[in-house]
Amino acid sequence: RGNMPRKLRVLWCSEYSQLSTGFSVYGNEVLKRLHATGKYELAELASYVDALNPTIPELPWKVYPALPNPQNPGEQAEFSSDNINQFGKWKMEQTCLDFRPDIIVDIRDLWMSTFIDEGVFRPFYKFYYMPTVDAIPQRDNWIQVMGNADKIFSYTKWGLEVIKQQGNGQINTVCETPPGADFSVFKP
């Protein structure tokens, strides 16, 4: 490729984009749109999917499954050693070494995602986070993780205000980005 700069690498961490959960649908819509720009190299660290899932090869971005290979007892044992592994914790370092993300985006409940802020490769990527904020006050350790993130988004204006208030203006809040609707199904 000569002197051409490489594309910005974005790692999406959430529930597998091909499932029917709210986080999955949101992720799929964002990933499709980012892919369509041609500006990014994309991957997802995907909860609730293993490497044998037949939909993975159909995607135009790389998928790092967070579930262990069902045919590998060693992976099964490692996965079972920590309950947070279901969200990708046990695959984070390997994923970072292989994909080398510039930005990691996560849109889940904060307790599912603190490993992203705590990882050994944290100095090498930006962390953009959209936590679910559905109560006040937020836990102090969650506010600390939000304060460590490079950018914070929120599903609602109310949630963004809670984060701003509890973070004493020290958290880099950006905007609210509520999930949209599929207008092929829901008509305005």
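Everything quoted here is computed from the prediction, not taken from an experiment. (Residues numbered from 1 in each chain as written. Predicted model: local features only at pLDDT ≥ 70, side-chain atom pairs only at ≥ 80, totals over all residues. Heavy atoms only, no water.)

**Description of the sheet that holds strand β7 (residues 173–176)**
Then step 1. Read across the sheet, seven strands follow the order β3-β2-β1-β4-β5-β6-β7 without closing on themselves; strand pairing throughout is parallel. Each end of this open sheet is capped by a strand with a single partner; those strands are β3 (62–65) and β7. In this sheet, neighbouring strand axes are inclined to one another by 20° on average, regardless of whether the strands run parallel or antiparallel.
Then step 2. Across two bridges, the pairing between strand β6 (residues 151–154) and β7 is parallel. What sits directly across from S154, in β7, is E176. (Pairing = 2+ DSSP bridges. Helix = DSSP H or I, 4+ residues; strand = E, 2+ residues; numbered from the N terminus. Axes fitted to C-alpha atoms, helices over the stretch in contact; angles between N-to-C directions.)

**Things to note about the pattern of salt bridges**
Then step 1. This model, assessed by the stated rule, comprises nine salt bridges.
Then step 2. One salt bridge in this structure joins D150 and R122, with 3.1 Å as the shortest N-O distance. Here D150 is found in the loop between α5 (140–148) and β6, whereas its partner R122 is found in the loop between α4 (114–118) and β5 (126–129), with 28 residues between them in sequence. (Salt bridge = Lys/Arg side-chain N within 4 Å of Asp/Glu carboxyl O.)

**Digging into the nonpolar core**
Then step 1. In this structure, L11, M92, I104, I116, M146 and I152 are the most contacted members of the largest nonpolar core, which totals 27 residues.
Then step 2. Mapped by element, the contributors of at least two residues to this core are β1 (8–15), β2 (40–47), α3 (92–99), α4, β5, α5 and α6 (157–166).
Then step 3. Element by element, the count of residues in this core is highest for α5, at four residues.
Then step 4. Leaving out residues up to four positions away in the same chain, M146 has contacts with L110, P131, Q138, I152, I163 and I171.
Then step 5. Formed by 20 residues, the second largest nonpolar core is a distinct cluster that contains L31, W61, V63 and Y155. (Core = buried A, V, L, I, M, F, W, Y, C linked by side-chain atoms within 4.5 Å. Buried < 20%, exposed > 50% of the residue type's maximum accessible area, 1.4 Å probe, protein only. Contact = heavy atoms within 4.5 Å.)

**Here we look at the environment of N53**
Then step 1. Mapped onto the elements of the fold, N53 is located in the loop between β2 and β3.
Then step 2. For N53, a relative accessible area of 23% translates into the label partly exposed.
Then step 3. Separated by 12 residues in the primary sequence, N53 and P65 place their C-alpha atoms 9.1 Å from one another.
Then step 4. At a separation of 2.5 Å, a polar atom in the side chain of N53 contacts the side chain of T55. (Polar contact = N/O pair within 3.5 Å; in protein donor to acceptor, adjacent residues only side chain to side chain.)

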